[in-house]
Amino acid sequence: MMYGFEDDPNPLVALVEDIVVEYVTDLAHKAQDIGSKRRKLSVEDFLYLIRKDLPKLNRCTELLSMQEKLKQSRKAFEVNEEKLGTLE
């Protein structure tokens, strides 16, 4: 019925998006306040903010370590064009 009045076909998606955007924006502003002394925003500022929420903290540290592993893996597979030229 709501869709018949040209409303959003799935209003729940828009609601969840609004909540997430508001949360992330608020978190970024708080992290910026913490990092204002250094005039620089860092990952540690965000980790400090979520330090009491263990599931979020554990997931963030897991994702950060995974990012570092991916970075190292990409670096290992990086082929130097000069070395390729000498092999041929």
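Up top you'll find the structure we're talking about.
Below: a short report on this structure. What you see is a predicted model; the values in this text were computed from it and never measured.

### As for the environment of N58
- Note that N58 resides in helix α3 (residues 54-77).
- The partly exposed category is assigned to N58, whose relative accessible area is 48%.
- The spacing of N58 and L47 is 11 residues in sequence and 9.8 Å in space, taken between C-alpha atoms.

### Considering the packing of aromatic side chains
- Under the defined criterion, the tally for this structure stands at 0 aromatic pairs.
- When the ring centre of Y48 is taken as origin, the NZ or CZ atom of R51, which lies over that ring, is 4.0 Å away.

### Quick word on the side chain of S42
- Position of S42 among the secondary structure elements: in the loop between α1 (11-34) and α2 (43-49).
- Take S42: its relative accessible area is 19%, and that puts it in the buried class.
- Within the local environment of S42, its side chain forms a polar contact with the side chain of R38, the two groups lying 3.3 Å apart.
- Among the polar contacts made by the side chain of S42, one reaches the side chain of E44 at a distance of 3.3 Å.

### Looking at unusual backbone geometry
- For R39, which is not glycine, the phi dihedral falls at a positive 60°.
- By the secondary structure assignment, R39 is in the loop between α1 and α2.

### Some remarks on the pattern of salt bridges
- Following the criterion strictly, the structure yields 4 salt bridges and no others.
- For R38, the salt bridge identified is with D45, shortest N-O distance 2.7 Å.
- Assessed through its relative accessible area of 48%, R38 is described here as partly exposed.
- Taking relative accessible area as the criterion, D45 reaches 3% and is therefore assigned buried.
- The salt bridge partner of E62 is R59, with a shortest N-O separation of 3.5 Å. In this pair, E62 and R59 are both assigned in helix α3, 3 residues apart and thus about one turn of the helix distant.
- Taking the relative accessible area as the measure of exposure, E62 reaches 40% and is therefore partly exposed.

About the criteria used
Residues numbered from 1 in each chain as written. Predicted model: local features only at pLDDT ≥ 70, side-chain atom pairs only at ≥ 80, totals over all residues. Heavy atoms only, no water. Helix = DSSP H or I, 4+ residues; strand = E, 2+ residues; numbered from the N terminus. Buried < 20%, exposed > 50% of the residue type's maximum accessible area, 1.4 Å probe, protein only. Phe/Tyr/Trp six-rings, centres within 6.5 Å; stacked < 30°, edge-to-face > 60°. Lys NZ or Arg CZ within 6 Å of the ring centre and 35° of its normal. Polar contact = N/O pair within 3.5 Å; in protein donor to acceptor, adjacent residues only side chain to side chain. Salt bridge = Lys/Arg side-chain N within 4 Å of Asp/Glu carboxyl O.

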